[in-house]
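Tertiary structure, described
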Amino acid sequence: MNLDNCPRCGRLYVKNLMELCQPCIKELEHEYEICVNYLRENRGTNIQELSDATEISIKEITRFIREGRISIANAPNMTYPCEVCGTLIREGHMCDSCRNRLRKDLSNAAKESAAADASRHTHEGAYRAIDKLRNP
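Residues numbered from 1 in each chain as written. Predicted model: local features only at pLDDT ≥ 70, side-chain atom pairs only at ≥ 80, totals over all residues. Heavy atoms only, no water.

Section: a nonpolar patch on the surface
Heads up, the condition is: Patch membership is restricted to residues that have no salt bridge and whose relative accessible area is over 30%. Joining uses 9 Å for like charges and 5 Å for the nonpolar side chains Val, Leu, Ile, Met, Phe, Trp and Tyr. Only the protein chains shown count as cover for residues, and the accessible areas themselves come from Shrake-Rupley with a 1.4 Å probe. By convention in these notes, a salt bridge is any Lys or Arg side-chain nitrogen within 4 Å of a carboxyl oxygen on Asp or Glu. By definition, any uninterrupted DSSP run of H or I lasting at least four residues is a helix, any uninterrupted run of E lasting at least two residues is a strand, and each is numbered from the N terminus.
Taken together, Met-1, Leu-3, Leu-12 and Val-14 make up a surface patch of nonpolar side chains, about 470 Å² in accessible area. Of note, Leu-3 is situated in strand β1 (residues 3-5).

Concerning the packing of aromatic side chains
Operational definition: Aromatic pairing here means that ring centres of Phe, Tyr or Trp (its six-membered ring) are within 6.5 Å. Orientation follows from the plane angle: under 30 degrees is stacked, over 60 is edge-to-face, and everything else is tilted. Relative accessibility decides the category of a residue: with a 1.4 Å probe and only protein chains considered, values under 20% of the type maximum give buried, values over 50% give exposed, and everything between is partly exposed. Both a distance and an angle decide whether a charge sits over a ring: NZ of Lys or CZ of Arg must be within 6 Å of the ring centre and within 35 degrees of the ring normal.
Taken as a whole, this structure holds one aromatic pair when the rule is applied. Centroid distance Tyr-32 to Phe-64: 5.6 Å. Interplanar angle 70°. Geometry classified as edge-to-face. Residue Tyr-32 is located in helix α1 (residues 22-41), and its partner Phe-64 is located in helix α3 (residues 58-66); the two are separated by 32 residues in the primary sequence. Residues Tyr-32 and Phe-64 agree in their burial class; the two are buried. The residue whose ring lies beneath Arg-69 is Tyr-32, and the NZ or CZ to ring-centre distance is 4.1 Å.

Some details on the side chain of Glu-31
Going by this rule: The contact rule is simple, with two residues in contact once any of their heavy atoms fall within 4.5 Å.
Along the chain, Glu-31 falls in helix α1. When neighbours within four sequence positions are excluded, Glu-31 is seen to be in contact with Arg-8, Ile-56, Glu-60 and Phe-64.

Quick look at the packing of α1 against helix α2 (residues 47-54)
A pair of packed helices is captured by two measures, namely the crossing angle of their axes and the spacing between those axes. We apply this condition: Helix axes are fitted to C-alpha atoms over the stretch in contact, other axes to C-alpha atoms as well, and angles between N-to-C directions run from 0 to 180 degrees. Working definition: roughly parallel below 35 degrees, roughly antiparallel above 145 degrees, roughly perpendicular at 65 to 115 degrees, and oblique for all remaining angles. Rotating anticlockwise by less than a right angle from the far helix to the near helix defines a left-handed crossing, while the corresponding clockwise rotation defines a right-handed one.
Following both chains from N to C, one finds α1 and α2 inclined at 120°, their axes separated by 10 Å at the closest point. Considered as vectors, α1 and α2 are oriented oblique to each other. Note that α1 runs across α2; the crossing there is right-handed. Between α1 and α2, the contacting residues are Ile-34, Cys-35, Tyr-38 and Leu-39 on the first element and Glu-49, Leu-50, Ala-53 and Thr-54 on the second.

This is the structure:
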């Protein structure tokens, strides 16, 4: 039996797929129902208004959206923050600006790595020649 402390409340619980204790799972489901019911009645709301009206954190609402439990397809004003910079987005984890910056950084890192590998290979040949001369 695998035991762990609940990240939400700190209680000891038997590990499960949700990685929360049973009382927190029930509370989370209740929060989800509150959000869904509010959105059914107020389709034009944004995430801040939803959070203020339901007293559920933006972080939890964002989690519901990312898990696909709350669909924002029919909620034109519903956006959530980019994980990197906080810019409001409608899909994914990052805004286009942060995604492009990440791609550029990865590309530069790959080029630097390739250049380092190329320089390392030229030095290995020189060392091998010296080693062969010293140890016939």
